[in-house]
Amino acid sequence: ISINERSNIFLVSIPIINNKKEAEIEDLFDEDTLNTKLDGKILDKTGKKDNRIFYNKDKFAEYIINNYDEINFNGFKKLLDIINKIIEEYKSSK
């Protein structure tokens, strides 16, 4: 968490999980969600693979929006806890 109280700028990075070097927001979803096939295609987070076999993050986001009530968001707890901490710190600084 990086906080600049004078300009109200808050920077939050995606929590690293499973000992990866880097993380993308999609990494916070469980394996079942990440392995969801749409029209017989699988997710490509890079957007560079053959679109006859893979779908991109845009399609994945649409799937999440349309099926949010069936999706496990437990992996987002750490990120949401960080955001809550920022909100609390901001409130207490006023």
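Everything here concerns the structure above.
A quick note: this is a predicted structure, and the numbers were derived from the prediction, not measured. (Residues numbered from 1 in each chain as written. Predicted model: local features only at pLDDT ≥ 70, side-chain atom pairs only at ≥ 80, totals over all residues. Heavy atoms only, no water.)

Chemist: How would you sum up the overall build of the protein? Please name residues and give values.
Modeler: Tallying secondary structure elements over the protein gives 3 helices and 4 strands in all. When the helices and strands of the protein are read in sequence order from the N terminus, they spell out β-β-α-β-β-α-α. A globule of 94 residues ought to have a C-alpha radius of gyration of about 12 Å, yet the protein, at 17 Å, is considerably larger. The dimensions of the protein, computed from C-alpha atoms along their principal axes, are 50 × 30 × 25 Å. When burial is assessed residue by residue, the protein has 22% of its 94 residues classed as buried. Excluding contacts between residues fewer than 6 apart, the proportion of contacts in the protein whose partners are at least 24 apart in sequence is 45%. Carbon and sulfur atoms make up 49% of the accessible area of the protein, which amounts to about 7,400 Å² in all. Of note, the protein has its 16 positive side-chain charges centred 5 Å away from the centre of its 18 negative side-chain charges. (Helix = DSSP H or I, 4+ residues; strand = E, 2+ residues; numbered from the N terminus. Rg over C-alpha atoms; globule rule 2.2 N^0.38 Å. Buried < 20%, exposed > 50% of the residue type's maximum accessible area, 1.4 Å probe, protein only. Contact = heavy atoms within 4.5 Å. Areas by Shrake-Rupley, 256 points an atom, 1.4 Å probe, with all protein chains shown as cover. Lys, Arg positive; Asp, Glu negative; His and termini not counted. Charge placed at Lys NZ, Arg CZ, Asp CG, Glu CD.)

Chemist: Explain the environment of Glu-89 to me, and be specific about the residues and the numbers.
Modeler: Note that Glu-89 resides in helix H3 (residues 77–93). Its relative accessible area of 34% is what places Glu-89 among the partly exposed residues. Separated by 63 residues in sequence, Glu-89 and Glu-26 have C-alpha atoms that sit 27 Å apart.

Chemist: Would you mind going over the pattern of salt bridges in detail, with residue names and values included?
Modeler: Across all of its chains, the model carries 6 salt bridges by this definition. Two residues, Glu-24 and Lys-57, come together in a salt bridge whose shortest N-O distance is 2.6 Å. With Glu-24 in the loop between strand E2 (9–11) and helix H1 (31–34) and Lys-57 in helix H2 (residues 57–66), this pair connects stretches of sequence that are 33 residues apart. For Asp-81, the salt bridge is made with Lys-77, and the minimal N-O distance between the two is 3.0 Å. In this pair, Asp-81 and Lys-77 both sit in helix H3, 4 residues apart, roughly one turn of the helix. Here Asp-81 falls in the partly exposed class, since its relative accessible area comes to 36%. For Lys-77, a relative accessible area of 52% puts it in the exposed group. Residues joined in a network through salt bridges with shared partners are Lys-20, Asp-27 and Lys-45. (Salt bridge = Lys/Arg side-chain N within 4 Å of Asp/Glu carboxyl O.)

Chemist: Kindly report on the nonpolar core, identifying the contributing residues and their values.
Modeler: Membership of the largest hydrophobic core is limited to 11 residues, which are Leu-28, Phe-29, Leu-34, Leu-38, Leu-43, Tyr-55, Phe-60, Ile-64, Ile-71, Phe-76 and Leu-79. Non-local contacts of Leu-34, meaning those with residues more than four positions away in its chain, are made with Glu-26, Phe-29, Leu-43 and Phe-60. (Core = buried A, V, L, I, M, F, W, Y, C linked by side-chain atoms within 4.5 Å.)

Chemist: I'd like a rundown of the environment of Gly-75, residues and numbers included.
Modeler: Tracing the sequence through the fold places Gly-75 in the loop between H2 and H3. Separated by 22 residues in the primary sequence, Gly-75 and Ile-53 have C-alpha atoms spaced 27 Å apart.

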